[in-house]
Amino acid sequence: MVALIGPNGAGKSTLITLLAGTHRPKHGSVRLNGRPLHGYSAAERARCLAYLAQHQDLAWDLEVAEIVALGAGSSRAALKAAERFGLERFWRRRIKSLSGGERARVLLARALAGEPSVLLADEPAAHLDVARERLLMFALCEDVRARGMAGLVVMHDLNLALRFADRVLLLGDGRLLLDAAPAVAAASPEIDRTFGQRFARVAVEGQPALIPVDGDIP
Amino acid sequence: MSARSLACAAGLALLGVAAGVMIGAQPISPFRLVRILTDPGEPMAALFFAWRLPRVFGAFLVGACLSIAGVLFQGAFRNPLAEPYLLGSAAGGALGATFAILAPVPALSAVGLPLLAFLGAWGATLLVLGICRMARIAEAGGMLLVGIAVAALLGSIRSMATLMLSDESVSLRAVLSWTLGGLQTPTGGTLLAFALLTALCLLLALRIARGLDILGFGEETAATMGLDVGRFLGIALTLGALATGLTVAWGGVLGFVGLVVPHLVRWWVGARHAPLLLHASLLGGGLVALLDGLSRSLLPPSEIPLGLITALLGAPFFLLLLIGRAR
């Protein structure tokens, strides 16, 4: 489980769309299992990679069951996903009648229903309140870890990244500035410099946490 | 989708067709209809089978095709307000049809009319899509404005061509009836060809229905779900243009059916495209069969152009939708 953090405009979303294969890099190449990603057909790529976009503007008010089935490929896989993500309660409801938290859960289930080997997610919990955000991240991490998948998730909340990731990547101005375990990343002054913001380091119940404070950057 | 809702849609379609058959300049009572259908000696039977029934079936197919085109365009543009008339596709089809009618070669209009109508509809659709891409327009309102501008442009080209090319009042009338929307009474052969092409459109549309569902997540997400978006859009819009071309060739320019019917059906059976296509084609067919009956019977002995009736009923519906979206 890898968290991708960085200030606005650092290139997080660009990187993740390149990795998802929806955009092709001008330089360099993206490889999946040693093969260039653009050599995969769209269907092949979809079997290995799942992508959860930041803004999902849904054109159609489909039922939850229909949405998950589109990601799953078979109705059995869809039902399994419903169980994994606790969607049974609103399985036959239309998505636009759900709350933001429920909707995000359905879209996550859609992405993971096909049991891909890699999940790429761009702020999947954006616009959710603190509790819903954590709930969604719990569900996401549990599934990614349980199936031994690789997960790369863009997160704007640094403390959420420190809490849920096994590895934190810091991106600034299109460059990788830090690649470390959460505890190491939390202590690095590189975070303050990249965000242009001073952070106080604290440990809350054994968890490293960053609190933005006034003052000059060290 | 349930078999029950599909049976219900088929029943409603049958009602529309029955109503279309019974009303007209000479109304036919249900009893008389049964007699005509069972007794070949009935005095009106010959007229009925030669004129009224083919016309009503033609109307049914036009309505079915319009609804299929509406569903396809709405799915491809990810826009519930897209439809052949508002997007300018029908105007493109009408331009093609006009050239076919006005061409000095009479033989051209039999095969050339549907073909040119299809090419016109296709070209207009691609033009709208291209302009939207170039101007980075993705939202419903902007896309409709592009469609309206393209429709206006093609409409004026068509009017100019009509004025310059038609030498007798006959062809002018023929072109005008196309513009306002009016059904021709098809002969057995053309009706069969039309039915087969409509069935082909529906089958092909059903084959790409799942792709339309996936496209609803947005082009980027759809691409990561295994859809080759560029190629898929090309196929969906070509098919939509084919359906539009068919309706224009046989029914002229009919607005709003392709908008109203998919909307109503979406409320009823949900937004998944496969059931939507099946139900919408049945209900659209029934609706246009009924409206065509009204166009023949409201002001006898003359006919009200069908396009006027569909606009009269469809435009207020469209406005209500716009108000509903703003809320």
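Just so it is clear, the model here is predicted, and its values are computed rather than measured.

> Requested: an account of the overall build of chain B, with residues and values cited.
Check the secondary structure of chain B and you find 14 helices and zero strands. The linear arrangement of helices and strands in chain B, starting from the amino end, is α-α-α-α-α-α-α-α-α-α-α-α-α-α. Against the 2.2 N^0.38 benchmark of 20 Å for 327 residues, chain B shows a C-alpha radius of gyration of 20 Å, consistent with a compact globule. Across its three principal directions, the C-alpha atoms of chain B cover 65 × 55 × 35 Å. Counting the 327 residues in chain B, one finds 55% classified as buried. For chain B, the proportion of contacts with a sequence separation of at least 24, taken over those separated by at least 6, is 76%. Summing over all exposed atoms, chain B offers an accessible surface of approximately 14200 Å²; the carbon and sulfur share of this is 73%. Here chain B carries 18 positive and 12 negative side-chain charges, and the mean point of each set is 7 Å from the other.

> Provide a residue-level description of a nonpolar patch on the surface, including the pertinent values.
All names here are of chain B. A cluster of nonpolar side chains, contributed by F99, M160, L163, M164, L165 and L172, occupies part of the molecular surface with about 640 Å² of accessible area. If you tally residues by element for the nonpolar patch, the top one is helix 6 (residues 140-165), at four residues. With relative accessibility at 37%, the residue F99 sits in the partly exposed group.

> Before we move on, can you summarise unusual backbone geometry with the specific residues and values?
Residues and elements named next belong to chain A. A positive phi angle, near 50 degrees, is found at E115, a position not held by glycine. Inspection of the secondary structure assignment puts E115 in the loop between helix 5 (100-113) and strand 5 (118-122). Under the relative-accessibility criterion, E115 is labelled partly exposed at 35%.

> I'd like a description of the pattern of salt bridges, backed by residues and values.
All chains considered together, the criterion is met by 21 salt bridges over all chains. A:D129 is the partner of A:R132 in a salt bridge, and the nearest nitrogen-oxygen pair spans 3.3 Å. You can call A:R132 partly exposed: its relative accessible area is 41%. Judged by relative accessible area, A:D129 falls into the partly exposed class, the value being 42%. For B:E303, the salt bridge goes to B:R55, with nearest N and O atoms at 3.1 Å.

> Can you explain the nonpolar core? Please cite residues and give values.
Membership of the largest hydrophobic core comes to 154 residues, with the highest contact counts inside it found for A:V68, A:L87, A:V106, A:L108 and A:L119. Per-element accounting of this core gives the leading share, 17 residues, to helix 3 (residues 45-77) of chain B. Apart from the residues lying within four places of it in its own chain, the contact partners of A:L108 are A:L52, A:F85, A:L119, A:L136, A:A139 and A:L140. Residues A:I16, A:V30, A:L37 and A:Y51 belong to the second largest nonpolar core, which totals 19 residues.

> Before we move on, could you go through the side chain of A:D122 and cite the residues and values that matter?
Residues and elements named next belong to chain A. With respect to the secondary-structure elements, D122 resides in strand 5. Of the side chains with opposite charge, K12 lies nearest to the buried D122, which makes no salt bridge, at 7.1 Å. A polar contact of 2.8 Å, which involves the side chain of D122, links it to the side chain of S13. Discounting residues that sit within four places of it in the chain, D122 has contacts with S13, I16, L52, A53, Q54 and V154.

> Help me get a handle on the sheet that holds strand 4 (residues 49-52) of chain A, residues and values and all.
Residue and element names in this part refer to chain A. On the basis of which strands lie adjacent, the open sheet formed by six strands has the order 4-5-6-1-7-8 and mixed pairing. On the outer flanks of this sheet lie strand 4 and strand 8 (175-180), each paired with one strand and no other. The average angle at which neighbouring strand axes cross in this sheet is 15 degrees, direction not considered. Across the sheet, helix 5 is in contact with strand 4 and strand 5; its angle to strand 4 comes to roughly 165 degrees.

> Would you mind going over helix 8 (residues 188-207) of chain B in detail, with residue names and values included?
All names here are of chain B. End to end, helix 8 covers 29 Å across 20 residues, agreeing with the expected 28 Å (1.5 Å per residue, within 8%). Among the residues of helix 8, those classed as buried are L191, F194, T198, C201, L202 and A205. Across the axial projection of helix 8, the buried residues extend over an arc of 95 degrees, all falling on one side. Within helix 8, the exposed residues directed more than 90 degrees away from the buried face are G188, G189, L192, L196, L203 and R207. At its buried positions, helix 8 is contacted by helix 3, helix 9 (209-215), helix 11 (229-251) and helix 13 (273-297).

What counts, and where the lines are drawn
- Residues numbered from 1 in each chain as written.
- Chains lettered and ligands numbered in written order.
- Predicted model: local features only at pLDDT ≥ 70, side-chain atom pairs only at ≥ 80, totals over all residues.
- Heavy atoms only, no water.
- Helix = DSSP H or I, 4+ residues; strand = E, 2+ residues; numbered from the N terminus.
- Rg over C-alpha atoms; globule rule 2.2 N^0.38 Å.
- Buried < 20%, exposed > 50% of the residue type's maximum accessible area, 1.4 Å probe, protein only.
- Contact = heavy atoms within 4.5 Å.
- Areas by Shrake-Rupley, 256 points an atom, 1.4 Å probe, with all protein chains shown as cover.
- Lys, Arg positive; Asp, Glu negative; His and termini not counted.
- Charge placed at Lys NZ, Arg CZ, Asp CG, Glu CD.
- Patch = residues over 30% accessible without salt bridge, like charges linked within 9 Å, V, L, I, M, F, W, Y side chains within 5 Å.
- Salt bridge = Lys/Arg side-chain N within 4 Å of Asp/Glu carboxyl O.
- Core = buried A, V, L, I, M, F, W, Y, C linked by side-chain atoms within 4.5 Å.
- Polar contact = N/O pair within 3.5 Å; in protein donor to acceptor, adjacent residues only side chain to side chain.
- Pairing = 2+ DSSP bridges.
- Axes fitted to C-alpha atoms, helices over the stretch in contact; angles between N-to-C directions.
- Expected span 1.5 Å × (residues − 1).
- Arc of directions from axis to C-beta.

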